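Results of the structural survey
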Amino acid sequence: MKGLIIKQPWIDYILDGKKIWEIRGSKTNIRGKIELIQSGSGLIVGTCEIVDCIELSLSDYQNNITKHNIKNVFTMPYKKTYAWVISNACRYDSPRKYKHPNGAIIWVNL
């Protein structure tokens, strides 16, 4: 299983159903169920599914604030910007610890 590292407050927005696009500067071919790791906490806090990956234009980015929950979008955050489309997010009742490998900044093999 793969674990995706996400910072606060974005991980809470995903787990609370307020964010279905995770904005990244690279595309992903990973699909299906993954676990969600809260950055800097050493904890796996939930799960979700990645169902698609869409390259965004500035217009796409600006017109879909309800999907990514980022306010005041005037420019693209990356040279190429992608929305990793998320569904079925679920927060674990009891987060669990994991061992963070050196150098992992986006994905962790769990």
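First, a word on what this report is: a plain description of the structure on this page. Because the structure is a prediction, the values reported are computed rather than measured. (Residues numbered from 1 in each chain as written. Predicted model: local features only at pLDDT ≥ 70, side-chain atom pairs only at ≥ 80, totals over all residues. Heavy atoms only, no water.)

**Details of the sheet that holds strand E6 (residues 107–109)**
Counted only if it meets this: Pairing between strands is defined by DSSP: at least two bridges between the two strands are required. Working definition: helices are DSSP H or I runs of at least four residues, strands are E runs of at least two. Numbering for both runs from the N terminus. Axes here mean lines fitted to C-alpha atoms, for a helix over just the part in contact, with angles spanning 0 to 180 degrees between N-to-C directions.
Across the sheet, six strands lie side by side as E2-E5-E4-E3-E1-E6; this open sheet has mixed pairing. Where the open sheet ends on each side, the last strands, each with one partner, are strand E2 (21–24) and E6. With strand direction ignored, the average angle separating the axes of adjacent strands in the sheet is 40°.

**Digging into the pattern of salt bridges**
Spelled out, the test is: Throughout this description, the term salt bridge denotes a Lys or Arg side-chain nitrogen within 4 Å of a carboxyl oxygen of Asp or Glu.
This model, assessed by the stated rule, comprises six salt bridges. Of the charged contacts in the structure, one is a salt bridge between Asp12 and Arg91, with a shortest N-O distance of 3.2 Å. A residue pair is termed long-range when its members are at least 10 positions apart, and Asp12 in helix H1 (residues 10–15) and Arg91 in strand E5 (residues 81–97) qualify at 79 residues. In this structure, Glu22 engages Lys19 in a salt bridge whose closest nitrogen and oxygen atoms are separated by 3.5 Å. A cluster of three or more residues bridged by salt bridges with shared partners is formed by Asp12, Asp16 and Arg91.

**Here we look at the packing of aromatic side chains**
Worth spelling out the cut-off: A pair of aromatic rings is counted whenever rings of Phe, Tyr or Trp (Trp by its six-membered ring) have centres within 6.5 Å, and the orientation is called stacked for planes under 30 degrees apart, edge-to-face for over 60 and tilted otherwise. Think of it in three bands: with a 1.4 Å probe and only protein chains considered, a residue is buried below 20% of the maximum accessible area for its type, exposed above 50%, and partly exposed in between. A positively charged side chain is recorded as over a ring if its NZ (Lys) or CZ (Arg) lies within 6 Å of the ring centre. The angle to the ring normal must also be within 35 degrees.
Counting across every chain of the model gives two aromatic pairs. When the ring of Trp10 is compared with that of Tyr13, the centres are 5.5 Å apart and the planes differ by 70°; the resulting orientation is edge-to-face. Within this pair, Trp10 and its partner Tyr13 are both found in helix H1, separated by three residues, close to a single helical turn. Ring centres 5.7 Å apart and planes at 10° place the aromatic pair Trp84 and Trp107 in the stacked group. With Trp84 in strand E5 and Trp107 in strand E6, this residue pair connects regions lying 23 residues apart in the sequence. The two residues Trp84 and Trp107 agree in class, both being buried. One residue, Arg24, lies across the ring of Trp84, its end atom 5.3 Å from the ring centre.

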